[in-house]
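Descriptive structure summary
What follows is the residue order along each chain.
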Amino acid sequence: MADTGAPGGETLLFLTDEQLRKGIEAMFFAYRGFTADPDRILDQHDYGRAHHRAIHFINREPGLTVTTLISVLGVTKQSLNRVLRTLIDDGLVESRVGRRDKRERHLYLTEKGAVLERELSEAQRVRMRAAYRAAGPQAVAGFRQVLEAMMDPAMRRHYQMLKDGA
């Protein structure tokens, strides 16, 4: 897997600093595009990206515990509590006491939260679908491999659990 077959025949194992810089810059600009549409929606509700991430993962795994969400998002309990308090007060998230362990709080989207989540994720799916179609199946598979390889081991485990549960 040393040669991409790409124009210029760049060898993946020996990328120059300039080639890496271009990849880093592409990630920055792609991320701006990927977050721009949801940011506009979030702004209408006075929410930020932390709210979006919480809504996304609560939707992805209904009943997710606060402790697990803290781990997945890599945030402090204090910062997540600020986000959750807003989402709960605004009627987007419901917090339920655990059945087995009364100390646990399990998180669920309300219907209002599910509506916002669908709006946010649809904006991102439109952009991802267009990019995937333009790039083709081999590029999509390669892109996913690169993203997975960039994840820290703990994050990769969280990702695998979500991916395997899909």
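Residues numbered from 1 in each chain as written. Predicted model: local features only at pLDDT ≥ 70, side-chain atom pairs only at ≥ 80, totals over all residues. Heavy atoms only, no water.

**Observations regarding the overall build of the protein**
- The helix and strand tally for the protein stands at 7 helices and 3 strands.
- Ordered by position in the sequence, the α and β elements of the protein form the string α-α-β-α-α-β-β-α-α-α.
- Viewed in the frame of its principal axes, the protein has a C-alpha envelope of about 60 × 35 × 25 Å.
- Counting every position in the protein, which comprises 166 residues, the buried fraction comes to 26%.
- Put simply, the protein shows about 11500 Å² of open surface, and 57% of that area lies on carbon and sulfur atoms.
- Looking at the protein, you have 26 positive and 22 negative side-chain charges, and the mean spots of the two groups are 4 Å apart. (Helix = DSSP H or I, 4+ residues; strand = E, 2+ residues; numbered from the N terminus. Buried < 20%, exposed > 50% of the residue type's maximum accessible area, 1.4 Å probe, protein only. Areas by Shrake-Rupley, 256 points an atom, 1.4 Å probe, with all protein chains shown as cover. Lys, Arg positive; Asp, Glu negative; His and termini not counted. Charge placed at Lys NZ, Arg CZ, Asp CG, Glu CD.)

**Comments concerning the domain arrangement of the protein**
- Each assigned domain of the protein is listed with its residue range as follows: domain 1 (37–135) and domain 2 (136–166).
- Taken together, the contact between domain 1 and domain 2 spans 9 residues of the former and 10 residues of the latter.
- A combined buried area of about 810 Å² lies between domain 1 and domain 2, and 62% of that area is made up of carbon and sulfur atoms.
- Among the residues domain 1 hides against domain 2, the three largest losses belong to Arg60, Tyr132 and Ala135. Together they make up 58% of the total.
- Scanning the region where domain 1 abuts domain 2 turns up 0 salt bridges.
- Inspection of the region where domain 1 meets domain 2 yields 2 residue pairs in polar contact (both at pLDDT 80 or more).
- Among the secondary structure elements, those contributing two or more residues to the side of domain 1 that touches domain 2 are helix 2 (49–60), helix 3 (66–73) and helix 5 (111–135). (Domains from an automatic or database assignment. Contact = heavy atoms within 4.5 Å. Buried area = accessible area lost by both parts, 1.4 Å probe. Salt bridge = Lys/Arg side-chain N within 4 Å of Asp/Glu carboxyl O. Polar contact = N/O pair within 3.5 Å; in protein donor to acceptor, adjacent residues only side chain to side chain.)

**Observations concerning the packing of aromatic side chains**
- A full pass over the atoms with the stated rule returns 0 aromatic pairs.
- When the ring centre of Tyr108 is taken as origin, the NZ or CZ atom of Arg96, which lies over that ring, is 3.8 Å away. (Phe/Tyr/Trp six-rings, centres within 6.5 Å; stacked < 30°, edge-to-face > 60°. Lys NZ or Arg CZ within 6 Å of the ring centre and 35° of its normal.)

**Details of the sheet that holds strand 1 (residues 64–65)**
- Strand order in the open sheet made by the 3 strands is 1-3-2, with antiparallel pairing throughout. Edge positions in the sheet fall to strand 1 and strand 2 (93–97), since each of these pairs with one other strand and no more.
- Bridge count for strand 2 against strand 3 (residues 105–109) is 5 bridges, and the pairing is antiparallel. Residue pairing in the sheet places Val93 in a bridge with Leu109 of strand 3.
- Its contacts with the sheet place helix 2 against strand 1, strand 2 and strand 3, and it is angled at close to 95 degrees to strand 3. (Pairing = 2+ DSSP bridges. Axes fitted to C-alpha atoms, helices over the stretch in contact; angles between N-to-C directions.)

**Observations regarding unusual backbone geometry**
- Positive phi, normally seen in glycine, also occurs at Asp46, with a value near 60 degrees.
- Relative to the helices and strands, Asp46 resides in the loop between helix 1 (17–44) and helix 2.
- Given a relative accessible area of 71%, Asp46 falls into the exposed group.

**A closer look at the nonpolar core**
- Ranked by internal contacts, the top residues of the largest apolar core, which has 22 residues, are Leu69 and Leu87.
- Only helix 1, helix 2, helix 3, helix 4 (77–89), strand 3 and helix 5 provide two or more residues apiece to this core.
- Sequence-distant contacts of Leu87, that is, excluding residues within four places in its chain, are made with Tyr47, His51, Ala54, Ile55, Leu92 and Val93. (Core = buried A, V, L, I, M, F, W, Y, C linked by side-chain atoms within 4.5 Å.)

**Points about the side chain of Thr65**
- Relative to the helices and strands, Thr65 resides in strand 1.
- A residue is classified by how much of its surface remains accessible, and Thr65, at 13% relative accessible area, is buried.
- Contact partners of Thr65, with chain neighbours within four places excluded, come to Glu104, Arg105 and His106.

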